[in-house]
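# Architecture and fold: a report
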Amino acid sequence: MEETDKIPHKLPSQEIDYFKIAKVLLSRWYWIVGAVAICSIIANVYLWYTPKTFATSGTMKFEEKKSEIPDLVGVGLPTANDRGTTSRIQTETIVLQSNPLLLSAIKHLDYRFSFYVVGRVLNRTNELYPAKPLDVELVRFDSLNFFHDLVTFKPVSNSTFSISYKSAGKDIQNIYKYNVPFTIGPTSFSIKYPGDMPKTAAYLFKLNSAEDFIGRVRGGLRTSETAKNSNIVSLQEIDSNPQFAADVLNAIMKEYLNYDRNQRTQSASQMIGFIDKQLEFLSHEVKGSENSIEQYKQNKKIMDVSTASDLAIGKLKEIETQVSLFKIQLIALNQLKEEIIEGKDNTNLNFNMGDIVTEQLGNLIVSLNSLLVDKSSLLKTYNNNSQPIQDINQQILQIKNNALNSINSSILLVENKIKYLDNQLAPVNQQISELPVAERDLVGLKRDYEINDKVYSFLSEKKLDAQISSAGILPGATIIDLAQPNYGPVSPDVNGIHRTSLIFGLVIGLGLIVLIRMLNPYIYDKETIESLTTIPIIGVIRKFPEEIDEFSSQILAISKPKSIFAESVRSVRTNLSFLASEKKSKIICITSEVAGEGKSFVTVNLSSTLSLIDKKVILIAADLRRSKLHKTFQVPNDVGLSNYLAHQCSSEDIINHSSQKNLDFIISGPIPPNPSELLHSTRMVELISELKLKYEIIMVDTAPIGLVSDAIPLIRMSDINLFVIRSGKSKFYAATVPQRIAQEYHLDNTVIVLNAYSEDLLHSRYYTTKFTGENYGSRYYYYSDYTGYESSGYYIDEKKKKWWDIRRLFNR
């Protein structure tokens, strides 16, 4: 045996073989097909059971419209209700989804009764809106207390029908007549005869309140800008009933226009109401003054006053008219002040005379109303203690303080004007006091009448101006597109779900292949061994396709000489002839990491093939612990190697002759108590020396080196060390064992044989080994794994398996 330190440590280079990757992925194509099929079935079941939903959309444009009517008459209204354009879209979308607006829109629909039909397959109820298969009338109905649950109607005859429902967890069924009232809970109904209706027909109906639909409508309502920073908003309603979705969306858009117009006319309405109250009071005053004048003239028999009296009355009337108007202005300012202090949601100045109210106060009122609207919108999302609400409250408080300061300044200005006018009245009153008594009294009566009449006329003009402006107010939005029923479902997305199921099926199928490969701890092919060690592979022995007995009593390399298995053994035999070729007698030690990897099987078949080429071969069962060689050759294990090593017999006593020419064997003999010590003895060295004189090949079947150290002395004295790795049985660690032993004992005669190989693409390595470099030429041997050659016609003993043979799927 020769020892050397020249052991290559460089692994062979390996390149990715994409064709192998494709073969690996397609090796379990039925997994992929099965996964796709299962996902497809799940997708179809989901589509079958999931109710369809439909979407319809409409479009609204928000803009500030200005009527031409106020411009024509030269009047205008306070702009306290005009909402600012800042973030108006966000504010209006919140208004569109508010409960009051949705409730008003729902009340425009025919919502009182909902009718359903039960599906035949899944017993799923389908709403029939807007169809009404039954004419149900309410006889007694309390909107706060009525029967809410589903009621099932089934015709019985031309005059009767059955009604079934649940009450207190019990099923109740009764027979009633058409057009005759019947009572369910607190509610009474009457159903008219529906005409020709099949007796097998069955309908469900339910009594609703408008509030019952708010959650349904709001849950399906979506709003979005058609483009960033635009004033056009797209509204979408998603519902299981396409007609209901279209009807309720149109009702929401129309109701918003009414709401918006009412909000914009609120200022004018408040002004008109305020003026009406003043006119009602002045109307009584004017009529009373007129009657007093006529009565005084009749009693005093006075026709009219003198010219001086007329001048005094005219001047007096002009001053006191202004005083009366300023007092009305004072009332309006005080009313506005109270509204701001009390925190009213919408404040407006109901009367404005000339330049008394500054433009600054008008702007403050507009800002205050805008902030109050924004606060109302934010309260739908935040609570009163949140930071956004606290910030807007701070802004409202600041504007209120500024507005109150401006109002107080306006009130002070009005009061000063009134004082000034009162001072102007003193000389006029002095002039009137100098008139005759009868004429003076008549002047007093006419003064009251003409002042009230002038104020009444002025207020009437103001009311008419407000009414004209109110009639010209337009809503701040326009419906561009009304919603139309869309009968194409948006959910579930049939194409998308089928596409997703296909992708999931492929991912699961391919992922399962990758997962099985990742969890696999075993060696299956030569490329895996080549990636783990620099020890050369001397050959690949194919897995015999049929069942073999436990003890290999039938030497397959001889009994099946034309099989791929026999050819693969002969390939290993050929490569062995190149190892230690200078030796006339070779010692070949065969071992493995653990038991069950086929070292004894390889030893027997390799020995038999060597004997066929006129090589004198002896096979030694050196596994003294659990050898099965005696069972292979069907001889008793009474006298063998253990007896010889224990000095109980001679070498001639333990050599047995097989039925195969040139093949002898030595069985292990009885199991000794000290097998390792016996194999380390000089007696074993003497036996090997003696056998080298008689045989050309000495095959030594040793114990697994990964379990016990019995094989170490035999490995060190051998010319060739053959390490067996079994495909699908040996783990990755097994491939590193021969290189570790070779490095530890400085061996350069170690080779690997891959046993029981059968092509399994699932676990095959997707790299191709490239043997290049100065260290590779003398260290690697040509061999074939015979993949794809089964049907070449050279091997006639193989049973051909058809692709439809399902059993082979479970044998892999």
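Residues numbered from 1 in each chain as written. Predicted model: local features only at pLDDT ≥ 70, side-chain atom pairs only at ≥ 80, totals over all residues. Heavy atoms only, no water.

## Some words on the overall build of the chain
The helix and strand tally for the chain stands at 24 helices and 24 strands. Carbon together with sulfur atoms contributes 52% to the accessible area of the chain, which is approximately 42,100 Å² in total. (Helix = DSSP H or I, 4+ residues; strand = E, 2+ residues; numbered from the N terminus. Areas by Shrake-Rupley, 256 points an atom, 1.4 Å probe, with all protein chains shown as cover.)

## Re helix α15 (residues 564–576)
An ideal rise of 1.5 Å per residue puts 18 Å on 13 residues; α15 measures up with 19 Å between its terminal C-alpha atoms. Most of α15 sits inside the fold, with 11 of its 13 residues counted as buried. By the burial criterion, the buried members of α15 are Ile564, Phe565, Ala566, Ser568, Val569, Arg570, Ser571, Val572, Arg573, Asn575 and Leu576. (Expected span 1.5 Å × (residues − 1). Buried < 20%, exposed > 50% of the residue type's maximum accessible area, 1.4 Å probe, protein only.)

## Things to note about the sheet that holds strand β6 (residues 151–155)
An order of β4-β3-β11-β6-β7-β8 is seen for the 6 strands of this open sheet, with the pairing classed as antiparallel. Each edge of the open sheet is held by one strand with a lone partner, namely β4 (125–127) and β8 (170–177). Each strand of the sheet is rotated relative to its neighbour by a mean of 30 degrees, with strand direction disregarded. The sheet contact formed by strand β3 (residues 113–118) and strand β11 (residues 203–207) spans 5 bridges and is antiparallel. Among the inter-strand pairings, Ser114 is bridged to a residue of β11, identified as Lys206. (Pairing = 2+ DSSP bridges. Axes fitted to C-alpha atoms, helices over the stretch in contact; angles between N-to-C directions.)

## Brief notes about the packing of α15 against helix α16 (residues 599–611)
Where α15 meets α16, the closest approach of the two axes is 9 Å, and the angle between their N-to-C directions is 75 degrees. The angle between the axes of α15 and α16 places the two elements in the roughly perpendicular class. In this structure, α15 contributes Phe565, Val569, Arg570, Val572, Arg573 and Leu576 to the contact, and α16 contributes Phe601, Asn605, Leu606, Thr609 and Leu610. When the residues that make up the contact of α15 with α16 are grouped by side-chain class, the tally is 7 nonpolar, 2 polar and 2 charged. (Parallel < 35°, antiparallel > 145°, perpendicular 65-115°, else oblique. Contact = heavy atoms within 4.5 Å. Nonpolar A, V, L, I, M, F, W, Y, C, P; charged D, E, K, R; others polar.)

## Brief notes about the side chain of Asn605
Structurally, Asn605 can be placed in helix α16. For Asn605, a relative accessible area of 2% puts it in the buried group. Within the structure, Asn605 has its side chain in polar contact with the backbone oxygen of Phe601 (distance 2.8 Å). (Polar contact = N/O pair within 3.5 Å; in protein donor to acceptor, adjacent residues only side chain to side chain.)

## Points about the confidence of the model for the chain
Per-residue pLDDT for the chain has a mean of 79; in total, 75% of the residues score no lower than 70. Ignoring residues within four places in sequence, the model shows residues 1–8, a span with pLDDT below 50, making 23 contacts including any to other chains. In the model, residues 807–812 has pLDDT below 50 throughout and makes 8 contacts with residues more than four positions away in sequence or in other chains. (pLDDT = per-residue confidence, 0-100.)

## Observations concerning the nonpolar core
Ile620, Leu641, Leu691 and Ile698 are the most contacted members of the largest nonpolar core, which has 43 residues in total. With 4 residues, helix α21 (residues 682–692) is the single largest residue contributor to this core. (Core = buried A, V, L, I, M, F, W, Y, C linked by side-chain atoms within 4.5 Å.)

## Overview of the sheet that holds strand β9 (residues 182–184)
Taken together, the 3 strands give an open sheet; going across it, the order is β5-β10-β9, and neighbouring strands pair in antiparallel fashion. Single-partner strands in this sheet number two, and they are β5 (136–140) and β9. Neighbouring strand axes in the sheet, compared pairwise and without regard to direction, differ in orientation by 40 degrees on average. Direction of pairing for β5 relative to strand β10 (residues 187–191): antiparallel, over a ladder of 4 bridges. Among the inter-strand pairings, Arg140 is bridged to a residue of β10, identified as Ser188.

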